[in-house]
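# Survey of secondary and tertiary structure
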Amino acid sequence: MFWKKQLPIIIVFLSGVIMTVQYFVPLHASEFVFDNYIKWGISIGIFAAILGYFSFIRVHIMKITKKAPNWGYSIVALAGVVLMIVAALIDGTDTNGYYMKFYLYICASINATVFSLLAFYISSAAYRAFRARSSQAVALLLAATIVMLGRVPIGDYFSFWTHWGLPSFYDMAQWILNVPNMAAKRAIALGVGLGSLLMTLKLILGIERTYLGGE
Amino acid sequence: MHLSTDPWVWIAFFFTLSIFTFLWKDNFLYKLAENVTVGIGMGFWIVLWWNQTVVGQFWTPLSTDFGSNFHLIIPAIMGLFMITRIIPKYAWMSRYALAFTIGSGAGFGLPRVIQGGVLQQLYATLLPINFTSVGLGYNLIIIIGTLSSLIYFFFSKEHKGAIGGVAKLGIWFLMIGFGATFGYTVMARLSLFIGRVLFILKDVFGMHLF
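The structure presented is a predicted model; accordingly, all values stated were derived computationally and were not measured.

The biggest cluster of nonpolar side chains holds 39 residues, and the ones touching the most others in it are W49(B) and F100(B). At the level of secondary structure, the elements contributing two or more residues to this core comprise helix 1 (2-24), helix 2 (28-65), helix 3 (71-91) and helix 8 (180-204) of chain A together with helix 2 (28-64), helix 4 (73-83) and helix 5 (94-125) of chain B. Excluding anything up to four places from it in sequence, W49(B) contacts I46(A), A49(A), I50(A), Y53(A) and V54(B). In terms of nonpolar packing, the next biggest core, distinct from the first, is built from 21 residues, Y99(A), I19(B), Y30(B) and L32(B) among them.

Rendered as structure tokens:
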């Protein structure tokens with residue numbers, strides 16, 4: 001019981017208190033603790049990463065051996081891993097080598113396209129979100145429309161009223177982003193900050209123990 | 001128009017189109033591109049992890065100056081415990097590594113959360129109010145907006161009467177904030193799409209657009 005439950009709680013408490021105290025103590029020892037905390041974290045991370053790689057490989061090998069639906073794609077995924085390792089071993093990791101070219105022309109291209117694909121889905125989501133069913137939905141619609149028009153040159157082109165000293169779409173978008181949007185974001189940030197503060201305290205004091213696996 | 005002669009550009013073009021086929025429906029080409037990027041991405045990170053973390057941050061310090069870096073053995077042992085998660089009987093041993101990471105992470109974050117997440121936000125909200133365009137058009141609205149939005153998230157008291165009115169004002173600020181964020185995100189995604197279209201037109205087909 002002590003080794004499985006109490007010792008981890010003691011480790012959390014001691015490491016938490018030491019790291020909190022070192023922030024407030026301007027001594028060389030604090031710097032030493034901070035520097036080594038970073039190094040220790042990296043060293044633990046090395047083995048945590050092995051766990052992740054093992055999990056990835058196991059999931060795909062299981063799919064292949066069990067001939068699960070779409071198992072052929074698991075071969076492609078595993079082949080991609082092997083290809084990158086072999087490319088790095090043979091050719092190194094220089095910018096002109098195969099390793100970086102595989103990454104830039106395949107992985108980076110696909111990732112950029114996946115994110116650009118969201119332009120279509122976010123547009124259809126906008127159609128649903130921007131329906132003016134209440135006065136608050138109208139506020140959302142107006143804010144979004146002004147921000148969108150304020151981010152493109154055509155917004156300023158349409159802002160004919162600027163001749164009368166009125167703000168352009170760009171100016172209005174900047175004001176919305178910097179004032180009401182900032183106020184809403186700040187309230188959310190304060191909520192997140194207070195929530196994080198309570199969570200860290202609960203962890204250090206041993207109230208929050210879900211990391212023990214529900215025991 | 002000059003078609004590209006670089007085979008890498010055509011490979012990127014093939015995978016770009018493969019991803020766009022998802023707009024039609026989930027299909028073989030999309031799934032292929034999806035798994036290719038998963039595999040190559042994982043391979044990329046494995047090589048990076050080996051070169052920069054294992055060799056750079058762990059093996060080199062230990063092999064070149066063991067005397068002043070021997071303490072790295074302790075987190076390495078804790079890290080090895082992490083791998084026991086693979087064996088259910090000994091999985092509990094991974095709690096030591098988790099406990100250290102969670103505890104020190106919480107301790108590391110605690111003063112920084114107070115500093116950056118709470119005090120800095122309060123400091124940035126408590127702005128001077130005076131009868132200038134900045135004082136009334138910016139600072140006063142930020143203070144009212146932040147307070148009313150915070151009251152909207154305060155569920156310990158029922159949203160009735162004055163509290164309810166202020167909370168309703170908070171909803172207005174939140175809706176404007178969500179609208180602005182949504183509009184901003186739509187434009188960011190569209191600019192990414194324009195970037196891919198420009199890649200096809202300029203890099204693949206060699207069009208001189210502007």
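This part takes up unusual backbone geometry. Residues and elements named next belong to chain A. The backbone of K67 shows a phi angle near 50°, a positive value even though the residue is not glycine. Position of K67 relative to the elements: it lies in the loop between helix 2 and helix 3. We classify K67 as exposed; its relative accessible area is 55%. One non-glycine residue, N70, lies in the positive phi region at around 60°. With respect to the element layout, N70 can be found in the loop between helix 2 and helix 3.

What follows concerns the interface of chain B and chain A. At the interface, 107 residues of chain B touch 106 residues of chain A. In total, chain B and chain A occlude about 9900 Å² of area from one another, counting both sides; carbon and sulfur atoms represent 80% of this. Among the residues of chain B in contact with chain A, W8(B), I40(B) and R95(B) are the three that bury the most area, contributing 8% of the side total. Our count for the chain B to chain A interface comes out at zero salt bridges. Breaking the side of chain B that touches chain A down by element, the ones donating at least two residues are helix 1 (7-20), helix 2, helix 4, helix 5, helix 6 (133-152) and helix 7 (161-204) of chain B.

With that settled, consider the pattern of salt bridges. Residue and element names in this part refer to chain B. Tallying each qualifying case throughout the model produces two salt bridges over all chains. A salt bridge links K160 to E158, with the shortest nitrogen-to-oxygen separation between them at 3.5 Å. A residue is classified by how much of its surface remains accessible, and K160, at 55% relative accessible area, is exposed. The exposed category is assigned to E158, whose relative accessible area is 56%.

Examined at the domain level, chain A breaks down into domain 1 (1-68) and domain 2 (81-129). Centre-to-centre separation of domain 1 of chain A and domain 2 of chain A, based on C-alpha positions: 29 Å.

For the rest of this paragraph, the subject is helix 2 of chain A. In a regular helix each residue adds 1.5 Å, so 38 residues correspond to 56 Å; helix 2 of chain A covers 56 Å between its end C-alpha atoms and thus fits that length. Positive phi shows up at K67(A), right after helix 2 of chain A, with a value of about 50°.

Okay, the environment of L98(B) next. Assignment of secondary structure puts L98(B) in helix 5. On the basis of relative accessible area, L98(B) is assigned to the partly exposed category, the value being 22%. In the structure, L98(B) is positioned 19 residues away from G117(B) in sequence and 25 Å away in space, judged by C-alpha atoms. Leave out the neighbours within four places in its chain, and L98(B) touches Y211(A), M82(B) and R85(B).

Definitions and limits used
- Residues numbered from 1 in each chain as written.
- Chains lettered and ligands numbered in written order.
- Predicted model: local features only at pLDDT ≥ 70, side-chain atom pairs only at ≥ 80, totals over all residues.
- Heavy atoms only, no water.
- Core = buried A, V, L, I, M, F, W, Y, C linked by side-chain atoms within 4.5 Å.
- Buried < 20%, exposed > 50% of the residue type's maximum accessible area, 1.4 Å probe, protein only.
- Helix = DSSP H or I, 4+ residues; strand = E, 2+ residues; numbered from the N terminus.
- Contact = heavy atoms within 4.5 Å.
- Buried area = accessible area lost by both parts, 1.4 Å probe.
- Salt bridge = Lys/Arg side-chain N within 4 Å of Asp/Glu carboxyl O.
- Domains from an automatic or database assignment.
- Expected span 1.5 Å × (residues − 1).

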